[in-house]
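Inside the fold
Spelled out, the chains give:
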Amino acid sequence: GGSADGGVSSRSGILVGERYVVRLDDHPRLAPREQPPFEVAARRASAQVVVERARGQIEVVCRNARAGTQHWSAQLPLPESVAFNVWHRGLETAVATGRAAEETGAIGGGGAVPGRVLKEADALYVGEVYVIEVPAAAEVRPCAVEFTVAALPPGAFQKVPVLVARAAGR
């Protein structure tokens, strides 16, 4: 028996001197968190419920924007690693940076590792929209891709492909 303001009505059976635990329904945008028990000490009591936003992990994977086309550069590999920035779309705030490699693993002869932005960075919240930006560099043209962080099992990475084109010389 909750009220519109988050309170509990007296008809709900909450008794002074008893201990209670607030249990929250699962929600993909909230991280599971155990709530401490509380005791009702008076007729009017309050309890604090702590929630934490669920965070996601991404794997930035570069792909040649001209692969599969008739363009002469379609067969050229991308540079060994490509710098990128991650921006929160609504806040227009940079939240992470990194370097990514081409997905094929053929770059550098040793099986390139795609760029990872780890959960520990506390930067990427489930359900939020972000932009991966590859800035212009000597070997690549600037590009950007928008994505929404998905709720995945713990330890899983969401692959975010970025189509990168090589820069042309003059």
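The residue numbering used here restarts from 1 in each chain and proceeds along that chain's sequence as written. Since the coordinates come from a predicted model, pLDDT governs what is reported: local features require at least 70, and pairs of side-chain atoms require 80 or more to be given and counted, while whole-chain, interface and lining totals use all residues. To get the side-chain values, take all heavy atoms of the structure and skip hydrogens and water.

This part is about the packing of aromatic side chains. Stacked, tilted and edge-to-face pairs are distinguished by plane angle, under 30 degrees for stacked and over 60 for edge-to-face with tilted covering the rest, among Phe, Tyr and Trp rings (Trp via its six-membered ring) whose centres lie within 6.5 Å. Evaluation of the coordinates by the stated rule reveals two aromatic pairs. Between the aromatic rings of Tyr-20 and Phe-38, the centroid separation amounts to 6.1 Å while the plane-to-plane angle is 35°, which identifies the pairing as tilted. Remark: Phe-38 occurs in strand S3 (residues 38–39) and Tyr-20 occurs in strand S1 (residues 19–20); sequence separation between them is 18 residues. Helical segments are the DSSP runs of H or I of at least four residues, strand segments are the runs of E of at least two, and each set is numbered from the N terminus.

The strands making up a sheet associate through backbone hydrogen bonding, with each pair oriented either parallel or antiparallel. Pairing between strands is defined by DSSP: at least two bridges between the two strands are required. Across the sheet, four strands lie side by side as S7-S6-S9-S10; this open sheet has antiparallel pairing. Two strands in the sheet have a free side with no partner beyond their single neighbour: strand S7 (93–100) and strand S10 (143–148). With strand direction ignored, the average angle separating the axes of adjacent strands in the sheet is 25°. Sheet topology note: the strand S9 (residues 129–134)/S10 ladder contains six bridges and is antiparallel. Following the sheet pairing, Val-134 is matched in S10 by Cys-143. Axes, fitted as lines to C-alpha atoms, cover a helix only where it is in contact. Angles between the N-to-C directions of the axes lie from 0 to 180 degrees.

Here we take up the confidence of the model for the protein. Scored between 0 and 100, pLDDT is the confidence that the predictor attaches to each residue. Scored by pLDDT, the protein has a mean of 78; 81% of the residues are at 70 or more. Across the protein, element-level confidence peaks in S10 with a mean pLDDT of 96 and bottoms out in strand S8 (residues 115–117) with 58.

Counted as salt bridges are all cases of a side-chain nitrogen of Lys or Arg within 4 Å of a carboxyl oxygen of Asp or Glu. Tallying each qualifying case throughout the model produces three salt bridges. With its nearest N and O atoms 3.0 Å apart, the salt bridge here joins Arg-55 to Glu-52. Burial classes: relative accessible area under 20% of the type maximum marks a residue as buried, over 50% as exposed, and values in between as partly exposed (1.4 Å probe, protein chains only). Taking relative accessible area as the criterion, Glu-52 reaches 30% and is therefore assigned partly exposed. We note a salt bridge from Glu-146 to Arg-89, for which the minimum N-O separation is 3.2 Å. Taken together, the residues Glu-146 in strand S10 and Arg-89 in the loop between strand S6 (82–88) and S7 connect sequence positions 57 residues apart. Residue classification places Arg-89 among the partly exposed positions, given a relative accessible area of 44%.

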